[in-house]
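# Coordinate analysis (summary)
Read off the chains here:
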Amino acid sequence: MPDVADVLAEMLDVAGAETLALSDAQEAQALLVDNPGLWSALVTDLKMPRKSGVDLARAAAALDPPVPCILVSSQIGFKEVPSGLFAAILPKPTEAPVLISAVQQALASR
C-alpha cells in the first residue's frame, strides 16, 4: 500500500508543484525550521508518530513569513484541531482537484 504522503505529493506533482513527501513529522519539522524559505505550503495529517500535524502547523505559523498549512485527515472533527491554524481542512481520502485547489487558495492568501 502506498504511503499517504507519497500519494498526496503525486497529486500535487501532476499539477506542477515541487514536493517533498515525508512520513516522519519530526523530520519534517526539522527541515521546515532549518530551511523556511524552501516551503510555500505544508500539507499534513493530524495523527503521526512522535509529533502531530498541529505541531507542524504551529512550527510553520511561527516562521517569518508563516507557511500556510493544509490538513488532510480522517480524524477531522476532533477538538485537538485549533481554529484558524490551517488554511484548509480536507477529509481523507481526498481528491486531487480538491487538494490542488486548497493549496492554490492557501498560496494566494499568503
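Scope of this entry: the structure provided in the associated data block. (Residues numbered from 1 in each chain as written. Predicted model: local features only at pLDDT ≥ 70, side-chain atom pairs only at ≥ 80, totals over all residues. Heavy atoms only, no water.)

### Details of the overall build of the protein chain
Tallying secondary structure elements over the protein chain gives four helices and three strands in all. Going from N to C terminus, the protein chain has its helices and strands arranged as α-α-β-α-β-β-α. For 110 residues, the compact-globule formula gives about 13 Å, and the C-alpha radius of gyration of the protein chain, at 13 Å, lands near that figure. Its C-alpha atoms put the protein chain at 30 × 30 × 25 Å along the principal axes. In the protein chain, which comprises 110 residues, the proportion classed as buried is 36%. Considering only contacts within the protein chain whose residues lie at least 6 apart along the sequence, 59% involve residues at least 24 apart. Counting only carbon and sulfur atoms, one obtains 55% of the accessible surface of the protein chain, whose full area is about 6500 Å². Measuring between centres, the 7 positive side-chain charges of the protein chain sit 12 Å from its 13 negative side-chain charges. (Helix = DSSP H or I, 4+ residues; strand = E, 2+ residues; numbered from the N terminus. Rg over C-alpha atoms; globule rule 2.2 N^0.38 Å. Buried < 20%, exposed > 50% of the residue type's maximum accessible area, 1.4 Å probe, protein only. Contact = heavy atoms within 4.5 Å. Areas by Shrake-Rupley, 256 points an atom, 1.4 Å probe, with all protein chains shown as cover. Lys, Arg positive; Asp, Glu negative; His and termini not counted. Charge placed at Lys NZ, Arg CZ, Asp CG, Glu CD.)

### Topic: the sheet that holds strand β1 (residues 42–44)
An order of β1-β2-β3 is seen for the three strands of this open sheet, with the pairing classed as parallel. With one partner strand each, in any of the chains shown, β1 and β3 (88–91) form the two edges of the open sheet. Here the strands of the sheet are splayed against their neighbours by 20 degrees on average, with no regard to which way each runs. By the bridge criterion, four bridges tie strand β2 (residues 69–73) to β3 in an arrangement that is parallel. Each bridged residue has a counterpart across the sheet, and for Ile70 the counterpart in β3 is Ala88. Set on the sheet, helix α3 (residues 53–61) makes contact with β1 and β2; between it and β1 the angle comes to about 165 degrees. Strands in contact with helix α4 (residues 96–108) are β1, β2 and β3; relative to β2, the strand with the most contacts, it is inclined by about 155 degrees. (Pairing = 2+ DSSP bridges. Axes fitted to C-alpha atoms, helices over the stretch in contact; angles between N-to-C directions.)

### Section: the nonpolar core
Within the largest apolar cluster, 18 residues are counted, with the highest numbers of intra-cluster contacts made by Leu32, Leu42, Ala60, Val67, Cys69 and Phe86. For this core, the element with the highest residue contribution is α3, accounting for five residues. Leave out the neighbours within four places in its chain, and Cys69 touches Leu42, Ala57, Ala60, Leu85, Phe86, Ala87 and Ala88. Core analysis: the second largest hydrophobic core is formed by twelve residues, Ala88, Leu90, Ile100 and Ala106 among them. (Core = buried A, V, L, I, M, F, W, Y, C linked by side-chain atoms within 4.5 Å.)

### Re helix α1 (residues 4–14)
Inspection of α1 places Ala5, Leu8, Ala9, Met11 and Leu12 among the buried residues, and these make up the whole buried set. The buried residues of α1 occupy an angular sector of 155 degrees when projected down its axis, which confines them to one face. Check the buried side of α1 and you find it contacts β1, β2 and α4. Directly beyond the C-terminal end of α1, a positive phi value near 100 degrees is found at Gly16. (Arc of directions from axis to C-beta.)

### Concerning α3
Among the residues of α3, Gly53, Val54, Leu56, Ala57, Ala59 and Ala60 are the ones counted as buried. Contacts made by the buried residues of α3 are with α2 (25–34), β1 and β2.

The quantities given are spatial measurements derived from coordinates; they are silent on function.
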